[in-house]
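Residue strings, one per chain:
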Amino acid sequence: MPLWKACFSMPMSLTVSAASRNASGAARPVMMTCCIGGRDSSLRGQGGLCLDMRGREVSQGTEAIVYSCNGGRNQRFRWTRNGELQVGGMCLDVANGSNYNGARLIAWPCNGGRNQRWYVSGSTIRSAQNGRCVDIFQGVARPEQPVVVWDCNGGRNQRWWW
């Protein structure tokens, strides 16, 4: 299922700048796509591989990779109302809060940080911290290839679906 089907559009209250006001000075409504929780299942990417946390058990620091889909606990992701992607009781986390291309994605105890919040844009998953896309490193779809964040470029290695 495309990611957008797991989400919906809704009006949100935001602090807006003068550029976001109409001619009479009233704030214009803003539409954002937000995931609201649910979907405890696998996320598939390029080559039909699944987003996976390395190994069968998810623990603090476990690296995100792609792997053949097997329905394991380390491949079952759930959106939370806070925009977190949880797996095995942990959150998908941009390691060390990095803002750089190639920053690793790991499992980490959920703490509410922006480096653990995600949003959907089309078929991409983007970091709320830096807007970069969840990316299969170097565009190589093979089992055990690392998953990182990278500038969004529309590549197949940045498209995900349920």
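Residues numbered from 1 in each chain as written. Predicted model: local features only at pLDDT ≥ 70, side-chain atom pairs only at ≥ 80, totals over all residues. Heavy atoms only, no water.

**Q** How should I be thinking about the overall build of the protein chain in this particular structure?
**A** Along the backbone of the protein chain there are zero helices and 13 strands. When the helices and strands of the protein chain are listed from N to C terminus, the series reads β-β-β-β-β-β-β-β-β-β-β-β-β. Evaluated residue by residue, the protein chain yields a buried proportion of 42% over its 162 residues. A separation of at least 24 residues holds for 53% of the contacts in the protein chain among residues at least 6 apart in sequence. Roughly 8,200 Å² of accessible area belongs to the protein chain as shown, and the carbon and sulfur atoms make up 49% of that amount. (Helix = DSSP H or I, 4+ residues; strand = E, 2+ residues; numbered from the N terminus. Buried < 20%, exposed > 50% of the residue type's maximum accessible area, 1.4 Å probe, protein only. Contact = heavy atoms within 4.5 Å. Areas by Shrake-Rupley, 256 points an atom, 1.4 Å probe, with all protein chains shown as cover.)

**Q** Could you clarify how one ought to interpret the packing of aromatic side chains in this entry?
**A** Two aromatic rings are characterised by how far apart their centres lie and by the angle between their planes. The full count for this structure, using the stated rule, is one aromatic pair. When the ring of Trp79 is compared with that of Trp162, the centres are 6.5 Å apart and the planes differ by 70°; the resulting orientation is edge-to-face. With Trp79 in strand β6 (residues 77–79) and Trp162 in the segment after β13 (147–150), this pair connects stretches of sequence that are 83 residues apart. In terms of burial, Trp79 and Trp162 fall into one category: buried. (Phe/Tyr/Trp six-rings, centres within 6.5 Å; stacked < 30°, edge-to-face > 60°.)

**Q** Would you mind showing me how to read the pattern of salt bridges here?
**A** Note on pairing: side chains with opposite charge can pair once their charged atoms come close. Using the criterion set out here, one finds four salt bridges in the structure. Arg54 is the salt-bridge partner of Glu144, the closest N and O atoms lying 3.2 Å from each other. One end of the pair, Glu144, is in the loop between β12 (133–136) and β13; the other, Arg54, is in the loop between β4 (50–53) and β5 (64–67), and 90 residues separate them in sequence. Its relative accessible area of 43% is what places Glu144 among the partly exposed residues. Through salt bridges with shared partners, a single ionic network connects Arg54, Glu63 and Glu144. (Salt bridge = Lys/Arg side-chain N within 4 Å of Asp/Glu carboxyl O.)

**Q** For this particular structure, what's the right way to read the environment of Ile106?
**A** Note that Ile106 resides in strand β9 (residues 103–108). The spacing of Ile106 and Gly61 is 45 residues in sequence and 5.4 Å in space, taken between C-alpha atoms. When near neighbours in sequence (up to four residues on either side) are disregarded, Ile106 contacts Met53, Gly61, Thr62, Glu63, Ala64, Cys91, Leu92, Asp93 and Ala95.

**Q** Hey, could you run me through the state of the cysteines in this one?
**A** By definition, a disulfide links two cysteine residues through a covalent bond between their sulfur atoms. A complete count under the given rule lists three disulfides for this structure. In this model, Cys91 is linked to Cys110 through a disulfide, with the two sulfur atoms separated by 2.1 Å. Between Cys91 and Cys110 the disulfide shows an S-S torsion of about 100°. By sign, it is right-handed. Note that Cys91 is positioned in strand β8 (residues 90–94) and Cys110 in the loop between β9 and β10 (118–121), a separation of 19 residues in sequence. We classify Cys91 as buried; its relative accessible area is 0%. (Disulfide = S-S within 2.5 Å.)

**Q** Help me understand the side chain of Thr124, please; the structure alone is not making it clear to me.
**A** Residue position: Thr124 is located in strand β11 (residues 124–127). Overall, the relative accessible area of 11% leaves Thr124 in the buried class. At 2.6 Å, the side chain of Thr124 and the backbone oxygen of Ser121 are in polar contact. Polar side-chain contacts of Thr124 include one of 3.4 Å to the side chain of Arg126. (Polar contact = N/O pair within 3.5 Å; in protein donor to acceptor, adjacent residues only side chain to side chain.)

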